[in-house]
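What follows is each chain in one-letter form.
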Amino acid sequence: MGGFNQTVVLDAIRRSPDGLSRVELADISGLSAQTLSNIARRLLDEGLILESGKIQLGPGKPRTLLTLNPSARFAIGVHLDPAVITTVILDLSGRVVSHSARRTPQPMDADAVIGVMVEAVSDLLTETGVDARRVLGVGVASPGPIDSDHGIVVDPPHLLGWERVPLRKALSTATGFPVVLEKDVAATAVAEIWGSHSESPENFIFVYLGTGIGMGLVSGGAVLRGTSQNAGEVGHIVVDPDGPVCFCGLRGCVAVTCMPQNLVEEAVRAGVHLGPVDKTDPSAVEEAFLELCAKARRGDSGAGAIIDRSATRVAKAVSVLTNALDFDRVIFGGPYWPMLSETYLALVPAALRKLTVAPHASDIRVEGTAFGTDVGAIGAACAVFDNAFSPDTRSLLLQH
Ligand SMILES: [Zn+2]
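The model shown is predicted, which means the values in this text are computed figures rather than measured ones.

J.: In this structure, what is going on with the coordination of the zinc ion? I would like to understand it.
T.: As a benchmark, a tetrahedral metal site with four donors has ideal angles of 109.5 degrees, while an octahedral site with six donors has ideal angles of 90 or 180 degrees. Around the zinc ion, the protein supplies H236 (ND1), C246 (SG), C248 (SG) and C253 (SG) as donor atoms, at distances of 1.9 to 2.3 Å. Its four donor atoms give the zinc ion angles of 105 to 120 degrees at the centre, a pattern that matches the tetrahedral case. Counting the intervening residues between successive donors of the zinc ion yields the motif H-x9-C-x1-C-x4-C. For C253, a relative accessible area of 0% gives the class buried.

Given below as C-alpha cells:
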C-alpha cells in the first residue's frame, strides 16, 4: 500500500498551493505520524515536493510546510479535433508551460494526422527544453467513439476515413511515452475538474462546440464515462422537429441543426452572402462559418438570426441533460466557442431556465471555459497526471 498512500499524500499537497505540514497531512490522510513522515521523506527524495518555510500554529515547534515541486514532472496533452490539433505541456501544478495549434491535415489520412501530432509533441519538448525523462506521458483527446481498452479510435463521424485506428499504440511507439486515450468531451471535463476551486464535489455539463457537438458530464466531482468510456453522445437529441433529416433517421437532431455545415447552409438559403461553399471541404465550411459568425457580430440581421436560433436549439439539448441529471451548472467550450460566446451567453441562460423543471432553474449558471481553446488538450494532459497520482485509480505510474 506504500504506493497508494504516497499518491494520497501527494494529491493532498497538490491541492493545497500554500502547502501543508506533516501534522495536517496526517490528519487529512488518516495515516500515522511515522508513516506520514516516511512518505514525506520519499516524496522529498524523489523531488516531487519541497520543504518551503515554516508556519507557527499555536504553541510548540513551528511546522515545516510541504509544497508541490511543479517542475518535478510534466504531462503532454494533444487534442485531435477534425479542424485543429492543439498540444500543451503542463507542469505538475497544472500550469500550461507552452502550447501550439496546427491545422488538422486534409484529407484526414490517419498516418498524416498522427505524423502532425508526433511532430507537435517533439517541437513542444524542444521549444520548452523540458527533460523527456520528467514527462509522465501523453494524453490524447479524440472524437469518439473510442475503444478505450485497446486504445483505438473506432469510427468518429467527423474523422473521415478513420476506422479502428490504433492511436494509442501509434503515438506511444512514435514518441516513446506512455499514452492515455480519452474521448474529447471527457478530457474537457477532466480539465474543468482540475481547474475547479470548489471545496465540494461539483455537478456540471461541459458543452463542446466543434465540428461536432458533445457533452462531458461531471457528477459528484468525477467524470461520468459510462460503460465503454463513450458517454456524452448527445448529437441525436431532437431540437427541431421540422429540421433536416439526420443520418440516424430522425429529423432535427442537434448535431445536424447546430453544427457549422448546417448553419452555413441555412444562412445561404436565408440569403446571407457567404460566397460559394464547397460542402465537401471541411476547411471551406469552417471558413464560411467563421464569416457567418463575423457577420452576426457586425450586426448583419440575417446572420444574427441564424446564430441566435442555434443558441436556442443548443439550449434545448442542454436542458434535456440538466433535467435528466438535475444539474445546475453548464460550461461551454470547444474550437467554435470564442465565435459564439457572445450570443450564447446572452441567450442560453434564459432559454435554459425556461426549459428546466427543477426548483433551482433560476440559479442555473452558464459560463465559458476559463481554459479557452486549449481545454481538451489540457484535460488530456491532466488525465495523465490523474492516472499517475489519483489515489482512486488502478494504474499508479509512480508505484514502486
Ligand atoms: Zn440524428
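J.: Honestly, the nonpolar core in this entry has me stumped. Any pointers?
T.: The tendency in soluble globular proteins is for nonpolar side chains to be buried as a group. In terms of nonpolar packing, the biggest core is built from 46 residues, with V9, L25 and F385 touching the most fellow members. Those elements that place two or more of their residues in this core are α1 (2-14), α2 (22-29), α3 (33-45), β3 (63-68), β5 (84-91), α6 (184-195), β11 (204-209) and α12 (375-389). Here the element with the most residues in this core is α12; it accounts for 10 residues. Counting the residues that make up this core, at least three belong to each of domain 1 (2-68) and domain 2 (73-191 + 376-389). One finds A317, W337, L340 and V348 within the second-largest nonpolar core, a separate group that totals 45 residues.

J.: What's the story with the packing of helix α10 (residues 301-325) against helix α11 (residues 337-355) in this structure? I'm lost.
T.: How two helices pack is summed up by the angle between their axes together with the distance between the axes. As a packed pair, α10 and α11 sit with axes 8 Å apart at the nearest point and diverge in direction by 45 degrees. Viewed along their axes, α10 and α11 adopt a mutual orientation that is oblique. Here α10 and α11 pass one another in a crossing that is right-handed. Listed contacts from α11 to I307, D308, S310, A311, V314, A315, K316, V318, S319, T322 and N323 of α10 are L340, T343, Y344, L347, V348, A351, L352 and L355. In the contact of α10 with α11, the residues fall into 12 nonpolar, five polar and two charged.

J.: For this particular structure, what's the right way to read the sheet that holds β5?
T.: Across a sheet, paired strands are connected by hydrogen bonds in the backbone, their directions being either parallel or antiparallel. Pairing is mixed across the open sheet formed by five strands, whose spatial order is β6-β5-β4-β7-β10. For this open sheet the edge positions go to β6 (96-103) and β10 (179-183), each flanked by a neighbour on one side alone. Across the sheet, the axes of successive neighbouring strands diverge by a mean angle of 15 degrees, strand direction being ignored. Pairing of strand β4 (residues 74-80) with β5, which is carried by seven bridges, proceeds in the antiparallel orientation.

J.: Just to check I follow, could you spell out the environment of C253 for this structure?
T.: For C253, the position within the fold is in the loop between β13 (222-223) and α7 (254-258). Measuring from C-alpha to C-alpha, the distance between C253 and N387 comes to 35 Å, with 134 residues separating the pair along the chain. Dropping the residues within four chain positions of it, C253 is found in contact with G235, H236, I237, V238, V239, C246 and C248.

J.: I keep staring at the domain arrangement of the chain and nothing clicks. Help me out?
T.: One widely used convention gives an interface's size as the accessible area the parts lose upon coming together. Domain annotation of the chain identifies domain 1 (2-68), domain 2 (73-191 + 376-389) and domain 3 (234-327 + 335-368). Computed over C-alpha atoms, the centres of domain 1 and domain 2 are 32 Å apart. Taken together, the contact pairs seven residues of domain 1 with five residues of domain 2. Overall, the association of domain 1 and domain 2 removes approximately 550 Å² of surface from exposure, summing both partners, and the carbon and sulfur fraction of that is 65%. Across the contact surface, domain 1 and domain 2 share zero salt bridges. At the surface where domain 1 touches domain 2, the tally comes to zero residue pairs in polar contact (both at pLDDT 80 or more). No other element matches α1, which puts four residues into the side of domain 1 that touches domain 2. Residues belonging to the side of domain 1 that touches domain 2 are distributed by class as follows: three nonpolar, one polar and three charged.

J.: Please explain the packing of aromatic side chains as it appears in this structure.
T.: Aromatic ring pairs are defined here through the distance separating the ring centres and the angle between the ring planes. Scanning the model with the defined rule gives five aromatic pairs in all. Aromatic side chains W337 and Y344 sit 6.2 Å apart centroid to centroid with 80 degrees between the ring planes, which places their arrangement in the edge-to-face category. Take Y344: its relative accessible area is 1%, and that puts it in the buried class. Among the aromatic residues, those joined into a cluster by ring pairs are F332, W337 and Y344.

Cut-off values and rules
- Residues numbered from 1 in each chain as written.
- Predicted model: local features only at pLDDT ≥ 70, side-chain atom pairs only at ≥ 80, totals over all residues.
- Heavy atoms only, no water.
- Donors = N, O, S within 2.8 Å, 3.2 Å for Na, K, Ca; no water.
- Tetrahedral: all angles 85-135°; square planar, octahedral: opposite > 155°, others 65-115°.
- Buried < 20%, exposed > 50% of the residue type's maximum accessible area, 1.4 Å probe, protein only.
- Core = buried A, V, L, I, M, F, W, Y, C linked by side-chain atoms within 4.5 Å.
- Helix = DSSP H or I, 4+ residues; strand = E, 2+ residues; numbered from the N terminus.
- Domains from an automatic or database assignment.
- Axes fitted to C-alpha atoms, helices over the stretch in contact; angles between N-to-C directions.
- Parallel < 35°, antiparallel > 145°, perpendicular 65-115°, else oblique.
- Left-handed = near helix turned anticlockwise from the far one by under 90°.
- Contact = heavy atoms within 4.5 Å.
- Nonpolar A, V, L, I, M, F, W, Y, C, P; charged D, E, K, R; others polar.
- Pairing = 2+ DSSP bridges.
- Buried area = accessible area lost by both parts, 1.4 Å probe.
- Salt bridge = Lys/Arg side-chain N within 4 Å of Asp/Glu carboxyl O.
- Polar contact = N/O pair within 3.5 Å; in protein donor to acceptor, adjacent residues only side chain to side chain.
- Phe/Tyr/Trp six-rings, centres within 6.5 Å; stacked < 30°, edge-to-face > 60°.

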